Amino acid sequence: MSFAANLILASVRMAVPLLFIALAELYSERAGMVNIGLEGLAAIGSLVGFLVCFVTGSAWLGILAGALVGVAVNMIYAFATITLCANQIVYGMAINIFAPALASFIYRVYFGTGSELSQITLMNGIGIPGLKDIPFLGDLLFNQTPMVYLAYLLVIVTVIYFGKTRSGLNFKSVGEHPKAAATLGIPVTKIKYVSCVLCGALAGVGGAYLTTCYANTYTEGNVAGRGFIALAAVIFGRWTGGGILLACLFFGFCDALQIRLQVANFGLPYQFFQMIPYIATVVVLSLIGAKKAGPRAGGQPYRREER
Amino acid sequence: MKKVLAVILALTVVLGLAACAKTAAPAASTAASASAAASTSTAASASASAAASGDLTGTKDFKVAMICDSSISDGGWGAACYNAMVDACKRSGWSYEVTDSIDQSAYYESIAAYCDLGYNLIYAPGNQYTDAVLQAAEEYPDIAFALLNGAEDTPGKATNKNVSSLLPNAQQIGWIAGALAGLMTKSNTIAFIGGMELDTTLGKYKGYTEAAQFVNKDVKVLDPVYAGSFSATDKGIEFAKAMIDQGADVFFGDASAVDSGARQAIDEANKASGSVKVFDIGQPADLLGQNECVICSQVTDNSSLLTISMQAVEDGKFGGETIYGTLQNGVLSAGKMSDLVPADVQAKYLDYIDQMTKDTFMK
Amino acid sequence: MTKFKRALTSFVVPLLSILLAFLIGAVIMIVLGANPLLALKYLWKGAFGTAANLGTTLAKATPLIFTALCACFAYKCGVFNLGGEGQFIMGSVVACLIALQSGLTGFPAILLCLVAGAAAGGLWGLIPGVLKITRGQNEMIISIMLNYVATLFMGVIYTSWLRDQNIPQTPAIPDSVKLSRVFPNMRFTTAFLIAIAVGLILYYYLFWTSNGFKLRAVGYNMTASRFNGFPVKRYILASFIVSGAVAGLGGAAELLGTQFRLINGFGAGYGFDGVAMALIGQLHPIASMVVAIFFAALRTGSTTMQAGTGVPTSVSDIIQALVIVFTVAGMALVKLPEFEAFRLRLSGGRKKEAKTV
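Residues numbered from 1 in each chain as written. Chains lettered and ligands numbered in written order. Predicted model: local features only at pLDDT ≥ 70, side-chain atom pairs only at ≥ 80, totals over all residues.

1. Observations regarding the overall build of chain B
Note the threshold: Helix and strand labels come from DSSP, where a helix needs a run of H or I of at least four residues and a strand needs a run of E of at least two; each type is numbered from the N terminus. Exposed residues have 12 or fewer other C-beta atoms within 10 Å of their own C-beta, buried residues have 20 or more, and residues in between are partly exposed; the C-beta atoms are placed from the backbone. Here, residue contact means that the backbone-derived C-beta atoms of the two residues sit within 7 Å.
On a plain count of helices and strands, chain B comes out with 11 helices and 13 strands. Sorting the 363 residues of chain B into buried and exposed places 59% on the buried side. Sequence separation of at least 24 residues holds for 67% of the intrachain contacts in chain B that already meet a minimum separation of 6.

2. A closer look at the overall build of chain A
Check the secondary structure of chain A and you find 12 helices and 2 strands. Along chain A, from the amino end to the carboxyl end, the secondary structure elements read α-α-α-α-β-α-β-α-α-α-α-α-α-α. A burial count over chain A gives 58% of its 307 residues as buried. A separation of at least 24 residues holds for 76% of the contacts in chain A among residues at least 6 apart in sequence.

3. With respect to the domain arrangement of chain B
Residue and element names in this part refer to chain B. What counts, and what does not: How far each domain reaches was decided by an automatic or database domain assignment. Only Asp, Glu, Lys and Arg are considered charged, only Ala, Val, Leu, Ile, Met, Phe, Trp, Tyr, Cys and Pro nonpolar, and every remaining residue, Gly among them, polar.
Domain parsing of chain B yields domain 1 (50-168 + 302-325) and domain 2 (171-283 + 332-357). Of note, the centres of domain 1 and domain 2, computed from C-alpha atoms alone, are 29 Å apart. With 9 residues of domain 1 in contact, the opposing surface of domain 2 contributes 10 residues. Split into classes, the residues belonging to the side of domain 1 that touches domain 2 amount to 2 nonpolar, 6 polar and 1 charged.

4. Points about the interface of chain C and chain A
Every contact between the two is made by 40 residues of chain C and, on the other side, 39 residues of chain A. Those elements that provide at least two residues to the side of chain C that touches chain A are helix H5 (106-135), helix H6 (139-161), helix H11 (270-280) and helix H13 (313-335) of chain C. Here the side of chain C that touches chain A is composed, by residue class, of 29 nonpolar, 9 polar and 2 charged.

5. Focus: the pairing of strand S4 (residues 144-148) of chain B
Residues and elements named next belong to chain B. For the record, the criterion: Handedness is read with the strands pointing away from the viewer; a crossover is right-handed when the path from the first strand over the helix to the second is clockwise. Pairing between strands is defined by DSSP: at least two bridges between the two strands are required.
Counting buried positions along S4 gives 5 out of 5 residues, so the element sits mostly inside the fold. Neither face of S4 is exposed, since Ala144, Ala146 and Leu148 on one face and Phe145 and Leu147 on the opposite face are all buried. Note that the unit made of strand S3 (residues 121-125), helix H4 (residues 130-139) and S4 has a crossover that is right-handed. Bridge analysis of S4 against strand S5 (residues 163-168) gives 4 bridges, and the strand direction is parallel. The partner of Leu148 across the bridge, within S5, is Leu166.

6. A closer look at the packing of helix H12 (residues 270-287) of chain A against H6(C)
What counts is decided by this rule: A fitted line through C-alpha atoms serves as each axis, taken over the contacting stretch for helices, and the angle formed by two N-to-C directions is quoted from 0 to 180°. If an angle is under 35 degrees, it is roughly parallel; if it is over 145, roughly antiparallel; if it lies from 65 to 115, roughly perpendicular; otherwise it is oblique. Note on convention: the crossing is left-handed when the near helix lies turned anticlockwise from the far helix by less than a right angle, right-handed when the turn is clockwise.
Across the interface, H12(A) lies against H6(C) with an axial gap of 9 Å and an inter-helix angle of 155°. When the axis of H12(A) is compared with that of H6(C), the two are roughly antiparallel. The hand of the H12(A)/H6(C) crossing is left-handed. Packed against H12(A), whose contacting residues are Gln271(A), Phe272(A), Gln274(A), Met275(A), Tyr278(A), Ile279(A), Thr281(A), Val282(A) and Leu285(A), the element H6(C) presents Ile142(C), Met145(C), Leu146(C), Tyr148(C), Val149(C), Leu152(C), Gly155(C) and Val156(C) at the interface. Along the lines of polarity and charge, the residues of the contact of H12(A) with H6(C) split into 13 nonpolar, 4 polar and no charged.

7. A short note on the nonpolar core
So the rule is basically this: A set of buried residues drawn from Ala, Val, Leu, Ile, Met, Phe, Trp, Tyr and Cys, joined through C-beta atoms within 7 Å, is what defines a nonpolar core.
With 351 residues, the main nonpolar core has Ala233(A) and Met85(B) as its most contacted residues. When residues of this core are sorted by domain, at least three fall in each of domain 1 (50-168 + 302-325) and domain 2 (171-283 + 332-357) of chain B. Sequence-distant contacts of Ala233(A), defined by excluding residues within four places in its chain, comprise Leu18(A), Ala22(A), Ile244(A), Ala247(A), Cys248(A) and Phe251(A).

8. A word on the sheet that holds S4(B)
Residue and element names in this part refer to chain B. In space, the 6 strands of this open sheet follow the order S2-S1-S3-S4-S5-S12, with parallel pairing throughout. Across the chains shown, the open sheet's two edge strands, defined by having one partner strand only, are strand S2 (95-99) and strand S12 (322-325). Put simply, the sheet's adjacent strands are angled 20° from each other on average, direction ignored. Examined bridge by bridge, S3 and S4 share 5 bridges and lie parallel to one another. In the strand pairing of S4, Pro125 is matched with Leu148. In the packing of H4 onto the sheet, the strands contacted are S3, S4 and S5, and the crossing angle to S4 comes to about 170°.

9. Remarks on the confidence of the model for chain B
Stated precisely, the cut-off is as follows: Every residue gets a pLDDT, meaning the predictor's confidence in that residue, from 0 to 100.
Mean pLDDT over chain B stands at 81; residues scoring 70 or higher make up 84%. At the level of chain-chain contacts, confidence expressed as ipTM amounts to 0.82, with global pTM at 0.83.

10. Some words on the pairing of strand S10 (residues 279-282) of chain B
Here S10(B) shows no split at all, with Phe279(B) and Ile281(B) on one side and Asp280(B) and Gly282(B) on the other all buried. Taken together, strand S9 (residues 250-254) of chain B, helix H9 (residues 257-273) of chain B and S10(B) constitute a β-α-β crossover, and its handedness is right-handed.

11. A short note on the environment of Ser173(A)
Residue and element names in this part refer to chain A. Inspection of the secondary structure assignment puts Ser173 in helix H7 (residues 166-176). By the C-beta count within 10 Å, which is 22 here, Ser173 ends up buried. Along the primary structure Ser173 and Gly32 are separated by 141 residues, whereas in three dimensions their C-alpha atoms are 9.1 Å apart. For Ser173, the residues in contact, after removing those within four places along its chain, are Ala180, Ala181 and Ile186.

12. As for unusual backbone geometry
Looking along the chain, the bond that leaves Gln283(B) and enters Pro284(B) is cis, with omega of -10°. Along the chain, Pro284(B) falls in the loop between S10 and strand S11 (294-300). Here the phi dihedral of Trp239(A) falls at roughly 60°; this positive angle occurs in a residue that is not glycine. Here Trp239(A) is to be found in the loop between helix H10 (226-236) and helix H11 (241-263). Owing to 21 C-beta atoms within 10 Å, Trp239(A) belongs among the buried residues under this scheme.

13. Overview of H12(A)
The line we're drawing: Every helix has an expected span of 1.5 Å times one less than the residues it contains. A residue's bend is simply the angle between two axes: one fitted to the seven residues ending at it, one to the seven starting at it.
Over its 18 residues, H12(A) runs 26 Å from end to end, which matches the ideal 26 Å to within 8%, given 1.5 Å per residue. In H12(A), a bend of some 40° at Ile276(A) exceeds every other bend along the element, and Pro277(A), a proline, comes one to four places later. Of all the positions in H12(A), only Tyr270(A), Gln274(A), Met275(A), Pro277(A), Tyr278(A), Thr281(A), Val282(A) and Leu285(A) are classed as buried. For H12(A), the elements touching its buried residues are H10 and H11 of chain A together with H5 and H6 of chain C.

Here it is as structure tokens:
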């Protein structure tokens, strides 16, 4: 297949884990919770997903376990920032330190220190019969693991939820103006907690995807900054499901391009390509106005008694 | 009020679970230690369980400590170096300890901590520790420092003459892999994946290229690619896919966990095409059987380099030199070959290895 | 805040949090088969036990003090400068370029490197600042993104432009440009003294000058300040530049004092650590410095603890993260109105009005 076709396939491959984590952050930020601990959540999700898949042989159980542990760890963040009104950024960073260390610890305790690299069987791809034989597009869209289909589905669900349902609009209002929402009877605290559950689950799934559907081994640091790129993707995608999908594809494209250009020996230092997602985000933020810059009450603790 | 109680309750639950975990853990750690190289628990101090990964039960009164920035469970460089130390200690009767997964800012402190605890030999597996090792060597003149893959001029920089570089011969490493790659390639395109652009990596690439082109005039070696890290498995997957698209059918690397990713991608490609056509040569341990695509490995016996060092420390003669690892002294070798290598190719390859050992290769 | 609360948050909460974090750490160690009391002994010895170790602790504290002061100063003005790491790195990059390329030596070179490093950090901090005042953008995310750009840029420097032959690092800076040690057998250098000096200067500025008062007012209540005619935008910009400059100075000092070359991993994590320390130090410059020294002691001691007991690195990382988690949670808990009500009930309900904040 041509260079371009392989490049696009690679972009989609690399975009999927990012998509899960970015959607996780979307749900969190839409309720006003800025969670920068995605990297840590994905790290522990990937470890637990790998471990469970290794022990049970089922990639699905691994994904589920990754989601559960992501929720559990994110509850620390949720409790501290929602109920105790502590600083969200610091807690996000604390999760980024705590969760990968915990993951590394669990790996060491379970697997010991042999040099045998533990491997698992990856989740099987499922081709949609008929559709998958379309040249190129077939492979791209219809011959992937179920998790990829799930990711696409999730984007559609998200767009409909936030755009068209009353519950979604209530959800968004919590992030824009929680006091007004409270006066309308919307359960602000409950929605914030729900957003943290969703965030933890999806970030954990994104991490588990890395070790059950992508690589068949676990290595420390395998999340490789995706948690922070996801933050960029949410902004770049203007806090909408569709925008985030495009942002993740774009960032996946940049990453895939950087690798293929290295193989083709392009000459420009590869770090410049790795900078693209971050610079692009800053540029986007410089161009769009403050009004469109995300939930207005993002990052602020909600105190019921405050005027 | 309720919230404070909730916090206290949550913490009690956590502590309770941890206490329960204690009774469950011994079962887990015995299972783990059966597979790990650590010995059974007899020692007084803390390092009895596999999770603590050290062993102070040597027969002699000598101790070696290893520091490592990657994890020793990475299935690649870190693991190979750690196991080399464990083997060497078993042979020499030494005790060992390890601190892994440390940040660059903590290299010096970790070394100094072991020096303060009276360790006799500090083992640093990589060029990146050179600065920290030289600093510590300055301040602890009575302790020996072995720098694996250290530069040849590093021992000379230590004024106390207590630093030696352990240098597996990068060119011969490249030769061992390159000769087989040149013989096995059908598409006449072979590939090399690096972790970081170290000079030892470049030396290996050069050796790989010249050996392959010597045994097979038509072979083309793709330019080396660098993942920029030794743990980015996903980059290995992508690199391998891209290079297979460019026609490469034999791979070699110097990138630890990145190479594991590459092997996974190669296995996937072979499965998709129906037969094993793309091969991989593993390193630095004998990886035959780990992945379907591995046809052979370039084996570096770091433990014998360490054993030599330990012997020198015991004799009081350590320091100030570069100890080479070569085919000639047995540190480097070719591993077992898989059945995918036809018998006549195996014979040719072993002949080349013999030439390399006798120093008549490419002459 | 009442005096009682202040005392509570300043001492008791951090103390309890540390105890709790260590308790959990001890439990983990027992599970692993290590002796927690032995570990504690090694921790203490590693951090303060010998003169050399104390020197290492202070040397490790130096960059943390700089980034903590950076975060502290910015937050005092109500500005969330999370770009400390990027500003730190840009400072060190510029200092490295000057040290290696300019051919200057000795004191003028050191001075130029430090000043240029501060300027570089200040400029890097200017970007989110400008975007905040002109476009109203949230500076948190922009500054985080710029951290990555700075780290990658440093990567380009040591892998291609200023590479040390075949090793991915820059050559070491010449000896004459290195900062000297204060005591010959202790690792900390004049960089530490510079850090303390900067902290004292910032403290003096914030709490003893009228400009500093205005800056704090802006941080306390931006609307009221604007209403009173304070040039809010100018103060915001100034606080970005100054906090960035402090971080940049820290990066330059770290290069000239301890690391001497740029390499993969240089400066990693210092920025966010600084934020955590500033928050634990209640955004007070002096307290932040003390917290920074404490954390440096914890880290240095952990290295000896790992070496002595054989527990993996992840355990001490977990303990450090838990200290942050519990301390910040504890301080937030104490500030809650519910806690205030609880405390009043406990103390027999003196005739005091419950305050809202």
